[in-house]
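Fold and geometry: a report
Here's the letter readout for the chains.
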Amino acid sequence: MQVVSIINHKGGVGKTTLTANLGAGLAARGKRVLLLDLDSQASLTVSFFTPPEWAAELLPARTIKHWFDGLDTGGALQSPAGLISTPRRVREKLARSTGRLDLIAAHRDLSDVDTTLAAQLMHDEAGFTLLHNRLRVALQHEAFSGYDIALIDCAPNFGLVARNAVAASDLLLIPTKPDYLSTNGIDSLGLKIAEFVEEFNVRCAEDERISRPPAAVVFTMVQLHNDEPIEAQRSVMSRVAAGGVMPLSTTIRDSKAVYGPAPEYGVPVILGGTGRAQTRELREFVSEVSSHLDGAAGMAA
Ligand SMILES: Nc1ncnc2c1ncn2[C@@H]1O[C@H](COP(=O)(O)OP(=O)(O)O)[C@@H](O)[C@H]1O
Ligand SMILES: [Mg+2]
């Protein structure tokens, strides 16, 4: 199983929207996809389940927090398989595909996990690798062997949970609005990721070392005029391209009318049948990410 994290310590840049559409698009192409919602705001979860479904069926015992907590109580939870849910509305849309889309839901107290892990790290510096490796080890569990790909929607911070996601990932996607302040944050995120991987590798055993996952910026909420990004955004985009982190060539246009309502219906835009240009663009995005993943798999083989 390949693992992709959608990460940016800024909020409101389109992480969740991209995760939902990438997952649904890959599933429509026959991939078996597992989504992990690591943000306590649970936007990804409630993009597929209604808030009452989340509250009644998932929050009591089927969230990623239950898995993290289970580790602390001496492994009360043997297998993470019981945490996986299948959103009904998307399953109906995917009825003719051989792919599937499942999800491990977020918990509204997920930020407590960050606090708990940070406290454990304070008391036990030697546990650094163990604490940052939890998600990577979990995803190797046989409960997940039926999936081709896991997509992790990260919270807008770079705490221990997000670091767990980085350690587990084969690829990082960094959604960004093409404006000065947003792109300015990319460099600092890149630095933090690099520092984290370096520290991890210094502290871990030789056979546990990780490589820094390749990272790609995805420009979202791009404002088009005559099918071209407006000048102000174009110049920011070319500046990023000249910098350290490669941008994907597919960009996602700004389209509140199309993206706004989709989560409430439980079906991402790419499967929903609204917005022809948006759907075409999203399919190109899925193709581009797929070819990166195929390239990464080829290198690993
Ligand atoms: N391409 C887009 N065009 C317009 N609005 C968008 C687009 N992508 C996302 N949005 C909207 O922007 C808001 C934040 O998006 P979201 O995906 O939740 O970002 P994040 O997960 O980074 O916080 C949501 O209201 C969403 O509907
Ligand atoms: Mg989000």
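The structure reproduced in this document is the subject of the present report.

Rules and cut-offs
Residues numbered from 1 in each chain as written. Chains lettered and ligands numbered in written order. Predicted model: local features only at pLDDT ≥ 70, side-chain atom pairs only at ≥ 80, totals over all residues. Heavy atoms only, no water. Buried < 20%, exposed > 50% of the residue type's maximum accessible area, 1.4 Å probe, protein only. Helix = DSSP H or I, 4+ residues; strand = E, 2+ residues; numbered from the N terminus. Pairing = 2+ DSSP bridges. Near = heavy atom within 4 Å. Polar contact = N/O pair within 3.5 Å; in protein donor to acceptor, adjacent residues only side chain to side chain. Areas by Shrake-Rupley, 256 points an atom, 1.4 Å probe, with all protein chains shown as cover. 1 Å grid on protein atoms, 1.4 Å probe; cavity = no way out; pocket = protein on both sides within 12 Å on 5 of 7 lines; lining within 4 Å. Sits in = over half its atoms within 2 Å of the grid points. Expected span 1.5 Å × (residues − 1). Phe/Tyr/Trp six-rings, centres within 6.5 Å; stacked < 30°, edge-to-face > 60°. Lys NZ or Arg CZ within 6 Å of the ring centre and 35° of its normal.

A few words on the pairing of strand S5 (residues 171-176). Extensive coverage of S5 is indicated by the burial of six of its six residues. The two faces of S5 match: Leu171, Leu173 and Pro175 on one face and Leu172, Ile174 and Thr176 on the other face are all buried. Pairing of strand S1 (residues 2-6) with S5 involves three bridges; the strand directions are parallel. Bridging across to S5, Val4 finds its partner in Leu171. Relative to strand S6 (residues 215-219), S5 is paired through five bridges, and the arrangement is parallel. Bridge pairing links Pro175 to Val218 in S6.

Attention now moves to the sheet that holds strand S2 (residues 32-37). With parallel pairing, seven strands are arranged side by side in an open sheet as S3-S2-S4-S1-S5-S6-S9. What marks the edges here is a single partner per strand, and that holds for strand S3 (100-104) and strand S9 (246-247).

The next thing to look at is the site of ligand 1. Around ligand 1 lies a shell of 15 residues, among which Gly12, Thr16, Thr17, Arg253 and Ser255 are the nearest. Between Ser255 and ligand 1, the recorded distance is 2.8 Å, taken from a backbone N or O atom to a nitrogen atom. In the complex, 79% of the free accessible area of ligand 1, which totals 560 Å², lies under the protein chains. Using a 2 Å cut-off from the grid points, one finds that ligand 1 occupies the largest pocket. Breaking the shell around ligand 1 down by element, the ones donating at least two residues are helix H1 (15-28) and helix H11 (256-259).

A separate point is H1. Between its terminal C-alpha atoms H1 stretches 20 Å, which fits the 20 Å expected from 14 residues at 1.5 Å a residue. Most of H1 sits inside the fold, with 12 of its 14 residues counted as buried. Along H1, the residues that are buried comprise Lys15, Thr16, Leu18, Thr19, Ala20, Asn21, Leu22, Gly23, Ala24, Gly25, Leu26 and Ala27.

On to the packing of aromatic side chains, then. Inspection of every chain in the model, using the stated rule, returns three aromatic pairs. A ring pair is formed by Phe196 and Phe200, whose centres lie 6.0 Å apart and whose planes are at 70 degrees; its orientation type is edge-to-face. Separated by four residues within a single helix, Phe196 and Phe200 lie in helix H9 (residues 180-203), roughly one turn from each other. Each of the two residues, Phe196 as well as Phe200, counts as buried. Three or more aromatic residues joined by ring pairs form one cluster here, namely Phe158, Phe196 and Phe200. Here Arg203 stacks its cationic end above the ring of Phe128, 4.5 Å away from the centre of that ring.

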